[in-house]
Amino acid sequence: MLGLLVATFGFAMMVRQGTSAASDGKTILKLGHGLDQNHPVHEAIVFLAERVKEKSGGTVEIQIYPNGQLGSETESLEQLQRGALAMAKTSTAPLESFVPEMAIFGVPYVFRDEDHFWQVLHGEIGHELLDAASSHGLKGLCYYDAGARSFYTISKQINEPADLRGLKVRVQQSKTSMEMAEALGASPTPVDFGELYTALQSRMVDGAENNPPSFYSSRHFEVCKHYALNEHARVPDLLLMSKKVWDRLSPEVQVWLQEAADESSEFQRELWRVESKNALDAVEKAGVTITYPDETKFAERVGPMHDSLDGTAVGKLLRRIKSEY
């Protein structure tokens, strides 16, 4: 009876810590995220689970809970810290309270282009950012592509920063995002993403900014007929793990998980390229005018914003990116 009680207690502890052991000895890891099952990141996470199963010979299983079933990104982070959830996908914004340097991704024109962006993420700085939240109980595994954010508007074509003057542009509820819009000449207007379609339709805002797949999947193209690919910010998604759960895994399982995460990141990048092209083709077919403004003019306008970061953690990281890459 004592042995049964000990075994039951041990199993209950593992469930509370985001992992469980099946009767056949299999390790089960729960992974939560807020995206739908058609999203490239979800497809990459499915790929991750398949690779872990293959590498482990079926002894490690990742159970995926999409569509926010296990809570919001902030709630997922709290569960990771407690060990109540094994893995989660999050954007960088909720991590800024733990790692202030994560705000670098909201600063406009930090990266010259897509290649420069991934060079930084796969380099020393990218690894440092993944490791930076370890003291808060979070283990960073890899980055997923979320593309570049650009402006789309209802009726006015954006060819240069001056065209944004006087326009109310929806931005995320973020100090950095609001400063970005102001620096480029727009009037930043935070609106919940779920309410943005109605805000555009009612002309409460004149436009917004996001990546092509999000512009398409949100159906904002039905209202906004101009999309200027000025690509002012590149904000990745991150795959995180509870450090409590990670530390209890064997070194062999840790290697399998990290290898599978890295492979899923590469897999997802290719999916994102295809999804972005398909989204642009679809909105253009629906009557959206797509333009490619000279990014130099936009980048020049945010120079003072870059300078204002001097002496801060984000400013130091910005200088490193500019000088080391």
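Look up: the structure comes first, before these words.
Numbering of residues starts from 1 in each chain and follows the order in which that chain's sequence is written. With pLDDT at 70 or above as the cut-off, local features in this predicted model cover only qualifying residues; side-chain atom pairs require 80 or more to be listed or tallied, and sums for whole chains, interfaces and linings still use all residues. Hydrogen atoms and water are omitted, and side-chain values are computed over all heavy atoms in the structure.

### A closer look at the overall build of the chain
Quick reminder of the rule: Secondary structure elements are taken from DSSP: a helix is a run of H or I of four residues or more, a strand is a run of E of two residues or more, and numbering for both begins at the N terminus. For the radius of gyration, the atom set is restricted to C-alpha positions; the globular benchmark scales as 2.2 Å times the number of residues to the power 0.38. Residue contacts are defined here by distance: any two heavy atoms, one from each residue, within 4.5 Å place the two residues in contact. We score Asp and Glu as negative and Lys and Arg as positive, and we do not count His or the chain ends. Each charge is placed at NZ for Lys, CZ for Arg, CG for Asp and CD for Glu.
A tally of helices and strands in the chain yields 13 helices and 12 strands. In terms of overall dimensions, the chain is globule-like: its C-alpha atoms have a radius of gyration of 21 Å, near the 20 Å expected for 325 residues. Looking at the chain alone, contacts between residues at least 24 apart form 74% of all its contacts between residues at least 6 apart. Separation between the mean location of the 33 positive side-chain charges and that of the 45 negative ones in the chain comes to 3 Å.

### Describing the packing of aromatic side chains
Inclusion rule: Side-chain rings of Phe, Tyr and Trp, where Trp is taken by its six-membered ring, are said to pair if the distance between their centres is within 6.5 Å; with planes under 30 degrees apart they count as stacked, over 60 as edge-to-face, and otherwise as tilted. Type-normalised accessible area, obtained with a 1.4 Å probe on protein chains alone, sets the label of each residue: buried when under 20%, exposed when over 50%, and partly exposed for intermediate values. We count a charge as sitting over a ring when the NZ of a lysine or the CZ of an arginine lies within 6 Å of the ring centre and within 35 degrees of the ring normal.
Evaluation of the coordinates by the stated rule reveals 9 aromatic pairs. A ring pair is formed by Phe-47 and Phe-267, whose centres lie 4.3 Å apart and whose planes are at 10 degrees; its orientation type is stacked. A residue pair is termed long-range when its members are at least 10 positions apart, and Phe-47 in helix H2 (residues 40-55) and Phe-267 in helix H10 (residues 251-285) qualify at 220 residues. With a centroid separation of 5.8 Å and an interplanar angle of 80 degrees, the aromatic rings of Tyr-152 and Tyr-227 are classed as edge-to-face. Note that Tyr-152 is positioned in strand S6 (residues 148-153) and Tyr-227 in strand S10 (residues 226-234), a separation of 75 residues in sequence. Across this residue pair, the class does not change: Tyr-152 and Tyr-227 are buried. Through a chain of ring-to-ring contacts, the aromatic side chains of Phe-105, Phe-111, Phe-117 and Trp-118 assemble into a single cluster. Positioned above the aromatic ring of Trp-246 is the side chain of Lys-139, whose terminal nitrogen or guanidinium carbon lies 4.9 Å from the ring centre.

### As for the packing of helix H5 (residues 124-131) against helix H13 (residues 313-324)
Note the cut-off: Fitting a line to C-alpha atoms yields each axis, with helices limited to the stretch in contact; the angle taken between N-to-C directions then spans 0 to 180 degrees. Working definition: roughly parallel below 35 degrees, roughly antiparallel above 145 degrees, roughly perpendicular at 65 to 115 degrees, and oblique for all remaining angles. Residues were grouped as follows: Ala, Val, Leu, Ile, Met, Phe, Trp, Tyr, Cys and Pro as nonpolar; Asp, Glu, Lys and Arg as charged; and all remaining residues, including Gly, as polar.
The N-to-C vectors of H5 and H13 enclose an angle of 155 degrees; their axes lie 11 Å apart at closest approach. It follows that H5 is roughly antiparallel to H13 by the angle criterion. From H5, Glu-124, Ile-125, Glu-128 and Leu-129 reach across to H13, where they touch Leu-317, Arg-320, Ile-321 and Glu-324. Considered class by class, the residues forming the contact of H5 with H13 number 4 nonpolar, no polar and 4 charged.

### Thoughts on H2
Here is the rule: One less than the residue count of a helix, multiplied by 1.5 Å, gives the span that helix is expected to have.
When the terminal C-alpha atoms of H2 are compared, their 22 Å separation across 16 residues agrees well with the 22 Å that a helix rising 1.5 Å per residue should span. Buried residues of H2: Pro-40, Val-41, His-42, Ala-44, Ile-45, Leu-48, Ala-49, Arg-51 and Val-52, and no others. Phi for Gly-57, located one or two positions after H2, is positive at around 65 degrees.

### Topic: the pattern of salt bridges
Rules: We define a salt bridge as a side-chain nitrogen of Lys or Arg found within 4 Å of a carboxyl oxygen belonging to Asp or Glu.
In the structure shown here, the tally under the stated rule is 20 salt bridges. When the shortest N-O distance is used, the salt bridge between Glu-209 and Arg-149 registers 3.0 Å. In this pair, Glu-209 is assigned in strand S9 (residues 207-210) and Arg-149 in strand S6, connecting sequence segments 60 residues apart. Grouping residues by exposure puts Glu-209 and Arg-149 together as buried. Put simply, Glu-324 and Arg-320 hold a salt bridge, and the shortest N to O gap is 3.2 Å. Of this pair, Glu-324 and Arg-320 both sit in helix H13, 4 residues apart, roughly one helical turn. The partly exposed category is assigned to Glu-324, whose relative accessible area is 43%. The network of salt bridges with shared partners includes Arg-51, Glu-54, Lys-55, Glu-259 and Glu-263.

None of the figures reported here should be taken as evidence of function without further support.
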